[in-house]
Amino acid sequence: MTKDPGRSGADARNDAAAAARAAERDRDLSLLLAVLLTLIGIALLGIYWLALNEAEGPRLADLALGLVPRTGVDNPVTAVLLNYRAYDTLMELAVLLAALLGIWSLGPAPAGFQRSGRALAAMVSWVVPLLILAAGYMLWVGGYAPGGAFQAGALLGAAGVIVRLAGDPSAGLPGEHAQRALSVLGVLVFALVGLALLWLGDGFLTYPPSLAKWLILLIESAATLAIGVALAAAYVGGRPATAPASTLASGKAGARTEPTGEGN
Amino acid sequence: MGAQFLFGGVGVVLFVLGLWSFLVHAPLLRKVIALNIMGSGVFHVLIAVAYRGDTAPPDPVPHALVLTGIVVAVSATALALTFGGRLMDMDKDGTDDA
Amino acid sequence: MTTLLILFDVLLLGTLLALAFAAVLSVEPRRAVMLFIAFGLWLSLVWARMQAPDVALAEAAIGAGLGGALMLAAARRAARVRRSEANGSTMP
C-alpha cells in the first residue's frame, strides 16, 4: 500500500496499475457479495414474516412466567438464567473461563498505560468504590428487578478497566494465584451446588423451593466475582505478572515481553 | 405483529450488514466489529420475538439466552483481539530479524 | 398516539441502522470503534424500549462498555505498531 520513493518510475507505474486492477477486482467482488447477501436478507425477512404469521403454538412464556413464584426469585429473567436453564449459565461461565485461559496462554500482559494525572486519579478514587457498591446493589436487586450476576460482574470488570486506565498495570486485580482461584470460583461453586443437590437426590441443579433463593444468591455472588475478574483480566490481555520470587519464570517472561516493551 | 416485524426486520438487516462487512473487509479489528454487529442482529431478532406489545409481559426465555450470548460474544471478542495483538507482535519480530 | 409511537420507533431504528452502517464503513480503526460503542449504547436504548431492561443493562455495560474498551485498546496497539513500522522503514 505505502509508496516507496526509492523505486524507478516504471516499476511504480506497473505497481500502480496492478494495485488499481486489484482494487477494481475487490470492488467487483464486494458488490457481488452485497447483491447476494441482499437476496439472502430478503429471503430471511420473508421467512421471518411467515413465521410471525403462523398460528401460535403452545408458548413457553406462559409456563415460564407461571412457575416464577416457585423459583425463589421474582425476576423472570433471573429465574430462567439460574433456575430453569441453569445448565446454560454454568456452560457460559465455563466459556468465559476458557476464553480467559486462552488469553493467558498467549503470553504475558502488554505494558500498561502511563500514570494518570491528579484529576483522573482523584476521580478514580471516587468512582471505583461507587462501582463496587453499585455491583453489590445490582447483584441483590437481580432477585426482583432488572439486574443480576452478569450486570454486577460487568460493573466490577468496568472498575478494573478504569483502574488500569489510571495507571495500575494489573487493573487492581490481586496476585496470580488469587486471580486463578477467583476466576474458577463461579464454575466451582455452581458445579458444587449442582453436585450436592444431585447427591441429596433432587437431581443436578434442581433446587428445593425452600432453599432456592439462598442457593441462587450463593451461585450469583460467586459468578459475579468470577465474571468481574475474568472481564478485567481479559482487558489486561495477558498472563498476570508472577511474583519476583520465581526468577526462572520471570527471566523467560522478560525475554518475551521485549517486543511490547520497546513499542511503548 | 407490525412492531414485531419492524424490530425483527432491523435485526435481519444488521445480521446481513455484519456478514457483508466480515467477508469484504480485511483488517482484524473491522472483522471483529462486523462479527459483533452480526451478533447484535441475532440478539435483536430474539428480543423482537420475545416482545409481546407494550401491555403483555415479554417472554423471559429469549432474554436469558441473549444475556448469555452477550457475555460469550465479549469473551470471544477479547480472545480474538488478543490473538491479533500476539500475531502483530510476531510479525514485527519477523521483520526485525530479516 | 399510535402513529406517533410508530414514528418514534422508526426514528429509533433508523438511527440504529445508520450507526451500524457508519461503524462498518469507516476505515479508520479508532473512528470505527467509537461508532461501534455508540451503536451498542443505542442498541441498549432500543432494547429498553422493547421491554427488555435486563438485556439492555447487560448490553450497555458488557457489549458497548467492555467490548468497546477492548477494541479501543486493540486499535491503539495497532496504531502504535503501524507508527513504529513507518519509522523503521524511513530510517535506513
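Small disclaimer: the values here were computed from a predicted structure and weren't measured.

Details of the overall build of chain A
Along chain A, the regular secondary structure elements total 9 helices and 0 strands. Traced from its N-terminal end to its C-terminal end, chain A shows the element sequence α-α-α-α-α-α-α-α-α. Buried residues in chain A amount to 38% of all 264 residues. A separation threshold of at least 6 residues defines the contact pool for chain A, and within that pool the share at least 24 residues apart is 74%. Of the roughly 14,800 Å² of accessible surface on chain A, 68% is carried by carbon and sulfur atoms.

Points about the side chain of Ser21 of chain B
Tracing the backbone shows Ser21 of chain B in helix α1 (residues 2-24). When residues no more than four places from it in sequence are discounted, the contact partners of Ser21 of chain B are Arg30 and Ala34 of chain B together with Val24 of chain C.

A closer look at the environment of Ser221 of chain A
All names here are of chain A. When you line up the elements, Ser221 lands in helix α8 (residues 212-236). Classification of Ser221 by relative accessible area gives partly exposed; the value is 29%. It is 7.0 Å that separates the C-alpha atoms of Ser221 and Ala149, two residues lying 72 residues apart in sequence. There is a polar contact of 2.7 Å between the side chain of Ser221 and the backbone oxygen of Leu217.

Observations regarding the packing of helix α5 (residues 118-141) of chain A against helix α6 (residues 149-165) of chain A
All names here are of chain A. Interaxial distance between α5 and α6 falls to 8 Å at its minimum, and their mutual angle equals 170°. On the basis of the axis angle, α5 is roughly antiparallel to α6. Crossing geometry of α5 relative to α6 is assigned as left-handed. Note on element contacts: α6 touches α5 through Ala149, Gln151, Ala152, Leu155, Leu156, Ala158, Ala159, Ile162, Val163 and Leu165, opposite Leu120, Val124, Val127, Val128, Leu131, Ile132, Ala134, Ala135, Met138 and Leu139. Split by residue class, the contact of α5 with α6 holds 19 nonpolar, 1 polar and no charged.

Quick word on the nonpolar core
Formed by 95 residues in total, the largest nonpolar core has its most connected members in Phe190 and Tyr207 of chain A, Ile37 of chain B together with Phe39 and Trp47 of chain C. Ranked by residue count, the leading element in this core is α8 of chain A, at 14 residues. Mapping this core onto the domain boundaries places at least three of its residues in each of domain 1 (1-54) and domain 2 (72-243) of chain A. Counting 12 residues, the second-largest nonpolar core is a separate cluster that includes Leu131, Met138, Leu155 and Val163 of chain A.

Looking at α8 of chain A
All names here are of chain A. Helix length check: α8, at 25 residues, gives a terminal C-alpha distance of 36 Å against a target of 36 Å (1.5 Å per residue), a fit within 8%. With 20 of 25 residues buried, α8 lies mostly within the body of the structure. Of the residues flanking the end of α8, it is Gly237, one or two places downstream, whose phi is positive at about 80°.

Some points on the interface of chain B and chain C
Counting from both sides, the interface comprises 38 residues of chain B and, opposite them, 40 residues of chain C. With both sides pooled, the region where chain B packs onto chain C buries about 3,500 Å², and carbon together with sulfur makes up 81% of that total. When the buried area of chain B at its contact with chain C is split by residue, Phe7, Arg30 and Ile33 of chain B rank highest and sum to 16% of it. For the pair chain B and chain C, the number of links is 1 salt bridge.

Comments concerning the packing of aromatic side chains
Inspection of the entire model under this criterion finds 5 aromatic pairs over all chains. Ring geometry for Trp49 of chain A versus Phe5 of chain B: centroids 4.9 Å apart, planes at 70°, classification edge-to-face. Here Trp49 of chain A, found in helix α1 (residues 9-53), pairs with Phe5 of chain B, found in helix α1, and the two come from separate chains. A residue is classified by how much of its surface remains accessible, and Phe5 of chain B, at 25% relative accessible area, is partly exposed. Relative to Phe39 of chain C, the ring of Phe36 of chain C lies with its centre 6.1 Å away and its plane at 35°, an arrangement referred to as tilted. A residue pair is termed a helical-turn pair when its members lie 3 or 4 positions apart in one helix, as Phe36 of chain C and Phe39 of chain C do in helix α2 (residues 29-49) at 3 residues.

Quick notes on the interface of chain C and chain A
The partner chain A presents 20 residues to the 13 residues of chain C that form the contact. Approximately 1,300 Å² of surface area, both sides summed, lies buried where chain C meets chain A, with 71% of it carried by carbon and sulfur atoms. Scanning the region where chain C abuts chain A turns up 0 salt bridges. Taken together, the connections running from chain C to chain A amount to 3 residue pairs in polar contact (both at pLDDT 80 or more). The residue makeup of the side of chain C that touches chain A, split by class, is 9 nonpolar, no polar and 4 charged.

A few points about a nonpolar patch on the surface
Residue and element names in this part refer to chain A. A cluster of nonpolar side chains, namely Leu29, Leu32, Val35, Leu36, Leu39 and Ile42, defines an oily patch on the protein surface of about 600 Å² accessible area. Considering the arrangement of structural elements, one finds Leu32 in helix α1. Leu32 sits in the exposed class, given a relative accessible area of 52%.

Focus on the environment of Ala60 of chain C
All names here are of chain C. Residue position: Ala60 is located in helix α3 (residues 53-90). Sequence separation between Ala60 and Leu13 is 47 residues; the distance between their C-alpha atoms is 17 Å. Non-local contacts of Ala60, meaning those with residues more than four positions away in its chain, are made with Leu41, Ser44 and Gly65.

Some details on the packing of α1 of chain B against helix α1 (residues 2-25) of chain C
Remark: α1 of chain B packs on α1 of chain C, axes separated minimally by 11 Å, with the N-to-C direction vectors making an angle of 5°. If you check the angle between α1 of chain B and α1 of chain C, you find them roughly parallel. Taking contact as the criterion, the partners of Leu6, Phe7, Val10, Val13, Leu14, Leu17, Trp20 and Ser21 of chain B in α1 of chain B are, on α1 of chain C, Asp9, Val10, Leu13, Leu16, Leu17, Ala20, Phe21, Val24 and Leu25 of chain C. For the contact of α1 of chain B with α1 of chain C, a count of residues per class yields 15 nonpolar, 1 polar and 1 charged.

So, how was this worked out
- Residues numbered from 1 in each chain as written.
- Chains lettered and ligands numbered in written order.
- Predicted model: local features only at pLDDT ≥ 70, side-chain atom pairs only at ≥ 80, totals over all residues.
- Heavy atoms only, no water.
- Helix = DSSP H or I, 4+ residues; strand = E, 2+ residues; numbered from the N terminus.
- Buried < 20%, exposed > 50% of the residue type's maximum accessible area, 1.4 Å probe, protein only.
- Contact = heavy atoms within 4.5 Å.
- Areas by Shrake-Rupley, 256 points an atom, 1.4 Å probe, with all protein chains shown as cover.
- Polar contact = N/O pair within 3.5 Å; in protein donor to acceptor, adjacent residues only side chain to side chain.
- Axes fitted to C-alpha atoms, helices over the stretch in contact; angles between N-to-C directions.
- Parallel < 35°, antiparallel > 145°, perpendicular 65-115°, else oblique.
- Left-handed = near helix turned anticlockwise from the far one by under 90°.
- Nonpolar A, V, L, I, M, F, W, Y, C, P; charged D, E, K, R; others polar.
- Core = buried A, V, L, I, M, F, W, Y, C linked by side-chain atoms within 4.5 Å.
- Domains from an automatic or database assignment.
- Expected span 1.5 Å × (residues − 1).
- Buried area = accessible area lost by both parts, 1.4 Å probe.
- Salt bridge = Lys/Arg side-chain N within 4 Å of Asp/Glu carboxyl O.
- Phe/Tyr/Trp six-rings, centres within 6.5 Å; stacked < 30°, edge-to-face > 60°.
- Patch = residues over 30% accessible without salt bridge, like charges linked within 9 Å, V, L, I, M, F, W, Y side chains within 5 Å.

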